[in-house]
There are 4 protein chains.
Amino acid sequence: MRELKEKVLEGNLKLVECGLVILTWGNVSAYDREKGLVAIKPSGVPYAEMTADDIVVLDLDGKIVEGDLRPSTDTATHLEIYKAFPQIGSVIHTHSKWATIWAQMRMDMPCFGTTHADFFFGSVPCTREITDDEIDENYEKITGQIIVETIKKRGKDPISVPGILAYGHAPFTWGKDVDSAVKNSVVLERIAEMNYYTLFNSKAPAPLKQSIIEKHYNRKFGPNAYYGQEKHN
Amino acid sequence: MRELKEKVLEGNLKLVECGLVILTWGNVSAYDREKGLVAIKPSGVPYAEMTADDIVVLDLDGKIVEGDLRPSTDTATHLEIYKAFPQIGSVIHTHSKWATIWAQMRMDMPCFGTTHADFFFGSVPCTREITDDEIDENYEKITGQIIVETIKKRGKDPISVPGILAYGHAPFTWGKDVDSAVKNSVVLERIAEMNYYTLFNSKAPAPLKQSIIEKHYNRKFGPNAYYGQEKHN
Amino acid sequence: MRELKEKVLEGNLKLVECGLVILTWGNVSAYDREKGLVAIKPSGVPYAEMTADDIVVLDLDGKIVEGDLRPSTDTATHLEIYKAFPQIGSVIHTHSKWATIWAQMRMDMPCFGTTHADFFFGSVPCTREITDDEIDENYEKITGQIIVETIKKRGKDPISVPGILAYGHAPFTWGKDVDSAVKNSVVLERIAEMNYYTLFNSKAPAPLKQSIIEKHYNRKFGPNAYYGQEKHN
Amino acid sequence: MRELKEKVLEGNLKLVECGLVILTWGNVSAYDREKGLVAIKPSGVPYAEMTADDIVVLDLDGKIVEGDLRPSTDTATHLEIYKAFPQIGSVIHTHSKWATIWAQMRMDMPCFGTTHADFFFGSVPCTREITDDEIDENYEKITGQIIVETIKKRGKDPISVPGILAYGHAPFTWGKDVDSAVKNSVVLERIAEMNYYTLFNSKAPAPLKQSIIEKHYNRKFGPNAYYGQEKHN
């Protein structure tokens, strides 16, 4: 698991470098599908002092198999996402500014531009509010279940809509691996900012039409993609 | 008092580093409960030239016991806060951008998200307006008394709501020590920004429900806290 | 073509340095009018790894004459602009934040101040929406044709209005050479931000009057220009 | 004049360092009252290449007495301000973002907070619109005359209100010397941003009451000032 732990460390540090995280407000995990194990950031450890040895390894039931530190408080949320969507290889939670503002507005984020359509196929959903009973039961695990429930109910493919707004909380993003999950976090933050200002204008337009959303998403990620130097990137 | 003066210097420089202060617009003090003494930044001295020797030490009546420079203009405000709430070990005043915007809007800042609830238990109060007679009498001392009056009237615990908006002026924050007061200043500035944009949206929601505020505050600071590597951080 | 490729590389890196581009969201091309050849950034290559050898050279029909990499996805758009307006020597496409917000608002950007009038003679047009048939036909080429159509229909001189907002997408800018196109991108981004906040204020004024727009544009670029150390800069 | 030219160079570079200027959008001048001479930035020269030798020296009629370069396009505006208010020792013109947004909104900037009152005694005026005849006659000189006319008509003391918004254009600021004029530019930009967001909120309050504005201005600059280490700073 050495390599995965180093990748998870690198992903966490990358969040700070990209300006998505202040204090200790972000955590990256990665999933080794073969072994059924997840590597995740420890709780409340400053990024500047973190080493690969601090990364905690658990199975999908949350049983720690490597590491001396307590894992991220949000670990149970990450695990629910991996259990429901095994095609996901990395999950990220941050309180990045603009995505969090959308989560605080507690509404889906419409697709207002092709920058959005290049990476997120249509609107980014906001989850439903958690009930008081659910808070008392197992807050972080049920947060993950509500994320899974939302994606399924909306009929979204988690690979083509690689992120969600947790109601009144903040974003969760993901991808096939750590690099792609970090990139999706960067993109979500930027489109959240641009979409906020678009929404806010009194003449704010309806979402982009579906045909242009499809064109932009597919020229990057569709079966006949022609962006970049490879077929799919 | 050497150690406290160095800690106060470090806190002042940290405010600049975190982008909370331009020019000389911020001051940090710390309180030595045993000795009944407060160490505070001198007035109008550029941060780049400040040394621990410049930090002024006073008793709670404002009598200088160490230091050749005039203490911060806001010293009397700091002293009123220490006198009323001896559990506080450090007070900070800045004109950080977004917290000052809320102070200029002269309204309480509601809790719109869990980032806020993670550090401030419920809304951040704004003080009442100072009267003309109070301005003439002893402006800075009465500013401190109004802060104390506001916290008491609202039934707030100053440790779980570690900051306030001074009406038409700017924020005061505090904590059990300098590190915690600096962290609370950083958090207040970030949530002030995110809450501004949440409020501003025409569909701005009501504050978060109390149960989720309690969950988030308590998982970090409550008796059964499970965030970070220690019980309480 | 060595010199042009180095200039195109330099222009691409300058966009990153000026904060106009994150990830790989920008592309610069330059046109050698004598040879009828265009040098352009390759698709999806990180800026940090890009060398002058990676820059692709094509003729105006899109036939690659130098380079092993696939050219920018937006190449066909650049080519249409060079074909219609041979006075243009460099074209730039970015998703810079504020210009993209205007593109997402899908409206012309009025001239609200002399900073705008110093560089863009009057409003910056937004193109019409692309039709579904046009998307299916040749998306990038028709995007370029719509840009050309918009400039011509509005009676704009592409040198005195050196940029446009592509409907729901992002800005395209240009200039007589790479340096001037980069400068126009920087200016467009800054005036897009200032104009957004001007528009947004409930008392937002009408555009500046024509006489002041003419005065400011002409003192920099008119036949009797007196800004800078040369007649025309 | 060597010393004054070096001070003017330093002031110009300080504007860039403080983030008030991009490209060549700012100019600083200083006035030697004894000699009746003004030193000012040359027009359109990049800051990175500028030396003290490039600074142009003129008399109050605009006659160049030192320097080989053309002075700033805005020189005539600076001269009118020195002629009317000889207590001013330095004038600065920038297109700093937020002050320019207020100029583009073409309205006086009210005093919404004590940060503003600490440096600008009451609202910052916006000039009237220039007429078409005035544009044709001598644009920059009349811009200066309108600034002077505005300050006088409003009954403002240019030392206690050290700046103005030129209608549809951008700010001019000043001070007793270059350091003070630079500081006033930094302050104007910061309060312009905070006041914008205060104004913008639908519950935006009336300006601060006069008594608190007087208290804050006078504790820094009044006859019994007690801010900083000297009586007046």
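Residues numbered from 1 in each chain as written. Chains lettered and ligands numbered in written order. Predicted model: local features only at pLDDT ≥ 70, side-chain atom pairs only at ≥ 80, totals over all residues. Heavy atoms only, no water.

## So, the overall build of chain A
When its secondary structure is counted, chain A shows seven helices and seven strands. If you list the helices and strands of chain A from N to C, you get α-β-β-β-β-α-β-α-α-α-β-β-α-α. The globule rule puts the C-alpha radius of gyration for 233 residues at 17 Å, and the 17 Å found for chain A is close to it. Within chain A, buried positions represent 64% of all 233 residues. Long-range pairs, those at least 24 residues apart, make up 63% of the contacts in chain A with a sequence separation of at least 6. Carbon and sulfur atoms provide 49% of the accessible area of chain A, an area that totals close to 8,500 Å². With 27 positive and 32 negative side-chain charges, chain A shows a spacing of 8 Å between the two charge centroids. (Helix = DSSP H or I, 4+ residues; strand = E, 2+ residues; numbered from the N terminus. Rg over C-alpha atoms; globule rule 2.2 N^0.38 Å. Buried < 20%, exposed > 50% of the residue type's maximum accessible area, 1.4 Å probe, protein only. Contact = heavy atoms within 4.5 Å. Areas by Shrake-Rupley, 256 points an atom, 1.4 Å probe, with all protein chains shown as cover. Lys, Arg positive; Asp, Glu negative; His and termini not counted. Charge placed at Lys NZ, Arg CZ, Asp CG, Glu CD.)

## Here we look at the packing of aromatic side chains
Counted by the stated rule, this structure contains 52 aromatic pairs over all chains. Where C:Tyr197 meets D:Tyr197, the ring centres are 6.1 Å apart and the plane angle is 80°; that geometry is what we call edge-to-face. You can see C:Tyr197 sitting in helix H6 (residues 178-200) and its partner D:Tyr197 sitting in helix H6 (residues 178-200), one on each of two chains. Each member of the pair, C:Tyr197 as well as D:Tyr197, carries the same accessibility label: buried. When the ring centre of A:Tyr227 is taken as reference, the NZ or CZ atom of A:Lys220 above it lies at 4.1 Å. (Phe/Tyr/Trp six-rings, centres within 6.5 Å; stacked < 30°, edge-to-face > 60°. Lys NZ or Arg CZ within 6 Å of the ring centre and 35° of its normal.)

## A few points about the interface of chain D and chain C
Taken together, the contact between chain D and chain C spans 34 residues of the former and 35 residues of the latter. Of the roughly 3,100 Å² buried between chain D and chain C, counting both surfaces, carbon and sulfur atoms make up 54%. At the junction of chain D with chain C, the criterion picks out four salt bridges. Residues D:Glu140 and C:Arg219 are paired through a salt bridge, measuring 2.6 Å at the closest nitrogen-oxygen approach. Linking chain D to chain C there are 19 residue pairs in polar contact (both at pLDDT 80 or more). For the side of chain D that touches chain C, the secondary-structure elements that each account for two or more residues are helix H3 (97-105), helix H5 (132-153) and H6 of chain D. Of all the elements, H3(D) adds the most residues to the side of chain D that touches chain C, at six residues. Looking at the side of chain D that touches chain C residue by residue, the class counts come to 17 nonpolar, ten polar and seven charged. (Buried area = accessible area lost by both parts, 1.4 Å probe. Salt bridge = Lys/Arg side-chain N within 4 Å of Asp/Glu carboxyl O. Polar contact = N/O pair within 3.5 Å; in protein donor to acceptor, adjacent residues only side chain to side chain. Nonpolar A, V, L, I, M, F, W, Y, C, P; charged D, E, K, R; others polar.)

## So, the sheet that holds strand E4 (residues 64-66) of chain B
Residue and element names in this part refer to chain B. Strand order in this open sheet of seven strands is E4-E3-E2-E1-E5-E7-E6, and the pairing throughout is antiparallel. Taken across any chain shown, the strands that pair with only one partner, and hence form the sheet edges, are E4 and strand E6 (163-165). Neighbour-to-neighbour, the strand axes of the sheet open up by a mean angle of 25°, direction not taken into account. Where strand E1 (residues 26-32) meets strand E2 (residues 37-40), four bridges bridge the pair, whose relative direction is antiparallel. The partner of serine 29 across the bridge, within E2, is isoleucine 40. (Pairing = 2+ DSSP bridges. Axes fitted to C-alpha atoms, helices over the stretch in contact; angles between N-to-C directions.)

## Details of the relation of the copies chain D and chain C
Relating one copy of the chain to the other requires a rotation about an axis plus a shift along that axis. Once turned by 90° and shifted 0.0 Å along the axis, chain D lies on chain C with an RMSD of 0.0 Å. Expressed as a symmetry operation, the mapping of one chain copy onto the other fits a four-fold axis. For chain D, the residue whose C-alpha comes nearest the rotation axis is D:Phe200, separated from it by 6.2 Å. Mapped onto chain C, only 6% of the interface residues of chain D again fall at the interface, so the copies present different surfaces. (Least-squares fit on C-alpha atoms with pLDDT ≥ 70 in both.)

## Some details on the pattern of salt bridges
Side chains that differ in sign of charge can pair as their charged atoms come close. All told, the structure shown has 68 salt bridges over all chains when counted by the stated rule. D:Asp108 is the partner of D:Arg154 in a salt bridge, and the nearest nitrogen-oxygen pair spans 2.6 Å. With a gap of 46 residues between them, D:Arg154 in the loop between H5 and strand E6 (163-165) and D:Asp108 in the loop between H3 and helix H4 (114-117) connect regions that are remote in the sequence. One salt-bridge network, held together by shared partners, links A:Arg128, A:Glu134, A:Glu149 and A:Lys153.

## Side note on the sheet that holds strand E6 (residues 163-165) of chain C
Pairing between the strands of a sheet comes from backbone hydrogen bonds, and it takes one of two forms, parallel or antiparallel. Residues and elements named next belong to chain C. Strand order across the open sheet formed by seven strands is E4-E3-E2-E1-E5-E7-E6, with antiparallel pairing between neighbours. What marks the edges here is a single partner per strand, and that holds for strand E4 (64-66) and E6. In this sheet, neighbouring strand axes are inclined to one another by 25° on average, regardless of whether the strands run parallel or antiparallel.

## Section: the packing of helix H2 (residues 75-84) of chain A against helix H5 (residues 132-153) of chain A
All names here are of chain A. Look at H2 against H5: their axes get within 7 Å of each other, and the N-to-C directions meet at 35°. In this structure, H2 meets H5 at a crossing whose hand is right-handed. Here H2 contributes Ala76, Thr77, Glu80, Ile81 and Ala84 to the contact with H5, which in turn contributes Glu140, Lys141, Thr143, Gly144, Gln145, Ile147, Val148 and Lys152. When grouped by side-chain class, the residues that make up the contact of H2 with H5 number five nonpolar, four polar and four charged. (Left-handed = near helix turned anticlockwise from the far one by under 90°.)

## Considering helix H1 (residues 2-17) of chain D
Residue and element names in this part refer to chain D. In this model H1 runs 23 Å from its N-terminal to its C-terminal C-alpha over 16 residues, within 8% of the 22 Å that 1.5 Å per residue would give. Those residues of H1 that sit buried are Leu4, Lys5, Val8, Leu9, Gly11, Asn12 and Leu15. Within H1, the buried residues cover an arc of 160° as seen down the axis, which keeps them to one side. Residues of H1 that are exposed and point over 90 degrees away from its buried face: Glu3 and Glu17. (Expected span 1.5 Å × (residues − 1). Arc of directions from axis to C-beta.)

## Overview of the confidence of the model for chain A
It should be kept in mind that the predicted coordinates are not to be read in detail where pLDDT is low. Here chain A averages 94 in pLDDT, and 97% of its residues register 70 or above. Predicted complex metrics record ipTM = 0.94 and pTM = 0.95. (pLDDT = per-residue confidence, 0-100.)

## Quick look at the pairing of strand E7 (residues 171-175) of chain C
All names here are of chain C. Of all the five residues making up E7, five are buried; the element is thus mostly covered by neighbouring parts of the structure. Here E7 shows no split at all, with Pro171, Thr173 and Gly175 on one side and Phe172 and Trp174 on the other all buried. As judged from the four bridges shared by strand E5 (residues 90-94) and E7, these two strands associate in the antiparallel manner. Pairing of valine 91 across the sheet is with tryptophan 174, part of E7. Pairing of E6 with E7, which is carried by three bridges, proceeds in the antiparallel orientation. Paired with glycine 163 across the two strands is threonine 173, which belongs to E7. The hairpin turn running from E6 into E7, its antiparallel successor, is five residues long, and glycine 168 in that turn takes a positive phi close to 70°.

## Some thoughts on the side chain of D:Asn184
Residue and element names in this part refer to chain D. Topologically, asparagine 184 is positioned in helix H6. You can call asparagine 184 buried: its relative accessible area is 9%. Setting aside chain neighbours within four positions, we find asparagine 184 in contact with Phe119, Phe120, Pro162, Thr173, Trp174 and Gly175.

## Comments concerning the environment of B:Lys14
Topologically, B:Lys14 is positioned in helix H1 (residues 2-17). Along the backbone, B:Lys14 and B:Lys183 are 169 residues apart, and their C-alpha atoms lie at a distance of 9.8 Å.

## Side note on unusual backbone geometry
Negative phi characterises most residues that are not glycine, and trans characterises most peptide bonds. All names here are of chain A. A positive phi angle, near 55°, is found at arginine 106, a position not held by glycine. With respect to the secondary-structure elements, arginine 106 resides in the loop between helix H3 (97-105) and helix H4 (114-117). Overall, the relative accessible area of 15% leaves arginine 106 in the buried class.

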